[in-house]
Amino acid sequence: MTDPAEEAAYIEKLYEYGEQLNSAKDKSQNVSDYQGIIDAAKTSVKAKQLAAQLIPKFYKFFPDLSGPALDAHLDLVEAEELGVRVQAIRGLPLFCKDTPENIGKMVDILVQILGSEEFVERDAVHKALMSLLRQDVKASLTALFKHIGSVEEPSTDDAIREKVINFVRDKVFPIKTELLKPQEEMERHITDLIKKSLEDVTGIEFRMFMDFLKSLSLFGEKAPAERMKELIGIIEGQADLDAQFNVSDADHIDRLISCLHMALPFVVRGASSSKFLNYINKYIIPVFDQLPGERKVDLLRSLAEFSPYTTPQDSRQMLPSIVQLLKKYMTWKKTGEEMNFTYVECLLYTFHHLAHKVPNATNSLCGYKIVTGQPSDRLGEDFSEHYNDFTERLNNVEEFTRATIKKLTQGMDENNKSMAGAKTDEEKEKIKTKKQNATTGLRTCNNILTMTKPLHAKVPSFIGDKRINLSWKEATKTASSTAPAAGAKRPANAANGSNNIASKKGRGAGGLQNQLVNRALEGLSGGGRGGMRGRGRGWVGRGRGRGYR
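No experiment lies behind these values; they were computed from the predicted model shown. (Residues numbered from 1 in each chain as written. Predicted model: local features only at pLDDT ≥ 70, side-chain atom pairs only at ≥ 80, totals over all residues. Heavy atoms only, no water.)

**Q** Which parts of the structure should I look at to understand the overall build of the chain?
**A** When its secondary structure is counted, the chain shows 22 helices and 0 strands. Evaluated residue by residue, the chain yields a buried proportion of 53% over its 549 residues. Summing over all exposed atoms, the chain offers an accessible surface of approximately 25,500 Å²; the carbon and sulfur share of this is 50%. (Helix = DSSP H or I, 4+ residues; strand = E, 2+ residues; numbered from the N terminus. Buried < 20%, exposed > 50% of the residue type's maximum accessible area, 1.4 Å probe, protein only. Areas by Shrake-Rupley, 256 points an atom, 1.4 Å probe, with all protein chains shown as cover.)

Structure, rendered in structure tokens:
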């Protein structure tokens, strides 16, 4: 421990050096004073703290001593005493005020300390980084993102990488309007940095970065079409649409479903969905039966939501596959097979919107007689067998759907009676969940009947507008207050996209009595998208080679 008298001498000498430098007109002539400050950085604790203020303050006047000065200051950053370290960290941005080429080096130093367990030290690091960002946002962001890494330049320390991502998310993104100036130039710069980093990210990180990009004015409501193309191109790259699909690769399935969900807002704004649809048509639909059950629901829901925005060319290419799936899940009455209402709702909705764009494509697929005057009408060929088959399946769907509506309505009445007699909160919650599922089931069934009705004619009218409100979407405001919206909180045991009531073997009072109906309602439960479960579960490993699960 330094003797008090000796320490007082060091402090007095440091103040003397500082005063002489402050008063000097040509500070560069006071080399011995600045050298004395550097030397004092190796003495007592208080002297180190004072030196940590003086070294960066006069740094710019002594380029010949820049090396020793930086070395001495970095020793203070690594000192044992917390107070010394904090003071030294606060001084780091000053090394860049007149020497901006030091910014990258200072950022590199600071990110190494981001994981400090001491709050006051961590806070000093955050403030120092923010100071550097305000001095030169472009250079500072470039240095920060170097620690997030990319495929070409991967981060060498995953712990530091995570701390940097958290810092960018929590400190930089919220004040983007203040930091990113000039706006267009800096928004483009950070976009390019993010795009490079997205080559090697987890699902949660990807979603976080995409949410940020969407918030930039560069991609705002008035953004031109090429900006939407740029964003959906990023999502297409993350979905790995150039890779051969392996149905056993659950990681790729997770990523594809989540990317479909993220792509939809940009498709609605005019971006092309062709690459996604072509990939699904070529690789996914042929192995649809091999997908996990909840992923089947996710995929069909995504296709339904994409279908209003498909091009005529994509619609013509997709229709045969959609009709084939639709026929598969529109149960033949005589086979005794059960029907999955969710599948049928999704496929009917998709069928209507695709067929609305290329109606004559249904002539050879469903036996319709739609005349457009084009050779693709194929009116000279006999497809009556297809028509008879298709309409028979429609009849069976309608019969089963009406019977299910009757049972669902009865179940709702019983649930209302049970609710009146429920005594505990647990009983009320169970009944509420049953009512939610039944309400969604009724919406699904009603949608199915609305969509099958116009398909019986030889020249049907395909639905190409927004009159159908898909059952998993938010309920319209005109819905009864006793019928919870499909977008309400997802009930327990429904996270896999299946109706939690439907999975039970038996029925108590207030429930549906028909187990066939229970199984048919799989996938009906409310507002969540199973495909987005990757937010908390999937995409854990980084990079396409490391796995997203």
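**Q** For this particular structure, what's the right way to read the confidence of the model for the chain?
**A** If pLDDT is low for a region, its predicted coordinates should not be looked at in detail. Overall, the prediction assigns the chain a mean pLDDT of 85, with 85% of residues at 70 or greater. Note that residues 476-520 has pLDDT below 50 and, in this model, 95 contacts with residues that lie over four places away or in other chains. For the stretch residues 522-542, pLDDT sits under 50, and the model shows 96 contacts to residues farther than four places along the chain or on other chains. (pLDDT = per-residue confidence, 0-100. Contact = heavy atoms within 4.5 Å.)

**Q** What is the right way to read the packing of helix H1 (residues 4-23) against helix H3 (residues 45-57) from this model?
**A** If you want to describe how two helices pack, look at the angle between their axes and the distance between the axes. One way to put it is that H1 packs onto H3 with a least axis distance of 9 Å and a crossing angle of 15°. Considering their axes alone, H1 and H3 lie roughly parallel with respect to each other. For the pair H1 and H3, the crossing hand works out as left-handed. Every residue of H3 that contacts H1 at Glu7, Tyr10, Ile11, Leu14, Tyr15 and Asn22 is listed here: Val45, Lys46, Ala47, Leu50, Ala51, Leu54 and Lys57. A per-class count over the contact of H1 with H3 returns 9 nonpolar, 1 polar and 3 charged. (Axes fitted to C-alpha atoms, helices over the stretch in contact; angles between N-to-C directions. Parallel < 35°, antiparallel > 145°, perpendicular 65-115°, else oblique. Left-handed = near helix turned anticlockwise from the far one by under 90°. Nonpolar A, V, L, I, M, F, W, Y, C, P; charged D, E, K, R; others polar.)

**Q** I would appreciate a short explanation of the packing of helix H12 (residues 203-215) against helix H13 (residues 225-239) in the present structure.
**A** The interhelical angle for the contact between H12 and H13, taken along N-to-C directions, is 175°, at an axis separation of 11 Å. Judged by the inter-axis angle, H12 sits roughly antiparallel to H13. Judged by residue contacts, Phe206, Met210 and Leu213 of H12 engage Leu231, Ile234, Ile235 and Gln238 from H13. Looking at side-chain class alone, the contact of H12 with H13 contains 6 nonpolar, 1 polar and no charged residues.

**Q** Before we go on, may I ask you to explain the pattern of salt bridges in this structure?
**A** Opposite charge on two side chains permits them to pair, given that their charged atoms come into close proximity. Using the criterion set out here, one finds 24 salt bridges in the structure. Its salt-bridge partner being Lys214, residue Asp211 comes within 3.5 Å of it at the nearest N-O pair. Of this pair, Asp211 and Lys214 both sit in helix H12, 3 residues apart, which is roughly one turn of the helix. Lys328 is paired through a salt bridge with Asp289; the nearest N and O atoms lie 3.3 Å apart. Here Asp289 lies in the loop between helix H15 (274-284) and helix H16 (293-306) and Lys328 lies in helix H17 (residues 312-329), a separation of 39 residues in the sequence. (Salt bridge = Lys/Arg side-chain N within 4 Å of Asp/Glu carboxyl O.)

**Q** I keep staring at the environment of Thr43 and nothing clicks. Help me out?
**A** Mapped onto the secondary structure, Thr43 falls in the loop between helix H2 (31-40) and H3. Classification of Thr43 as partly exposed rests on a relative accessible area of 22%. Sequence spacing of Thr43 and Glu6 is 37 residues, and the spatial spacing of their C-alpha atoms is 9.6 Å. Leaving out residues up to four positions away in the same chain, Thr43 has contacts with Tyr10 and Lys48. A distance of 2.5 Å separates the side chain of Thr43 from the backbone oxygen of Ala40, its partner in a polar contact. (Polar contact = N/O pair within 3.5 Å; in protein donor to acceptor, adjacent residues only side chain to side chain.)

**Q** Would you mind showing me how to read the packing of aromatic side chains here?
**A** Under the defined criterion, the tally for this structure stands at 17 aromatic pairs. Where Phe145 meets Phe209, the ring centres are 6.2 Å apart and the plane angle is 40°; that geometry is what we call tilted. Taken as a pair, Phe145 in helix H8 (residues 137-146) and Phe209 in helix H12 lie far apart in primary sequence, 64 residues in all. The interplanar angle of 50° and the centroid separation of 5.7 Å between the aromatic rings of Phe351 and Phe390 together place this pair among those described as tilted. You can see Phe351 sitting in helix H18 (residues 341-357) and its partner Phe390 sitting in helix H20 (residues 384-421), a full 39 residues away along the chain. Like Phe351, the residue Phe390 is buried in the burial classification. Chaining the aromatic ring pairs together yields one cluster made of Phe351, Tyr368, Tyr387, Phe390 and Phe462. The residue whose ring lies beneath Lys328 is Tyr329, and the NZ or CZ to ring-centre distance is 5.8 Å. (Phe/Tyr/Trp six-rings, centres within 6.5 Å; stacked < 30°, edge-to-face > 60°. Lys NZ or Arg CZ within 6 Å of the ring centre and 35° of its normal.)

**Q** I keep staring at unusual backbone geometry and nothing clicks. Help me out?
**A** Both trends apply: most residues other than glycine have a negative phi, and most peptide bonds are in trans. With an omega of -5°, the peptide bond between Lys181 and Pro182 qualifies as cis. Its location among the elements puts Pro182 in the loop between helix H10 (176-179) and helix H11 (183-197). Of note, the phi angle at Asp240 is positive, near 60°, even though the residue is not glycine. Locating Asp240 in the fold gives a position in the loop between H13 and helix H14 (250-268).

**Q** Just to check I follow, could you spell out the environment of Ala422 for this structure?
**A** Along the chain, the position of Ala422 falls in the loop between H20 and helix H21 (425-452). Under the relative-accessibility criterion, Ala422 is labelled buried at 13%. When residues no more than four places from it in sequence are discounted, the contact partners of Ala422 are Glu427, Lys428 and Ile431.

**Q** In this structure, what is going on with H8? I would like to understand it.
**A** An α-helical segment advances 3.6 residues per turn. Residues three or four places apart therefore align on the same side. Regarding H8, the residues found buried are Val137, Ser140, Leu141, Ala143, Leu144 and Phe145. Looking at the buried positions of H8, the neighbouring elements they touch are helix H6 (103-111), helix H7 (119-135), helix H9 (158-172), H10, H11 and H12. Put simply, Asp136 is the residue that caps the front of H8, since its side-chain oxygen is 3.3 Å from the backbone nitrogen of Lys138.

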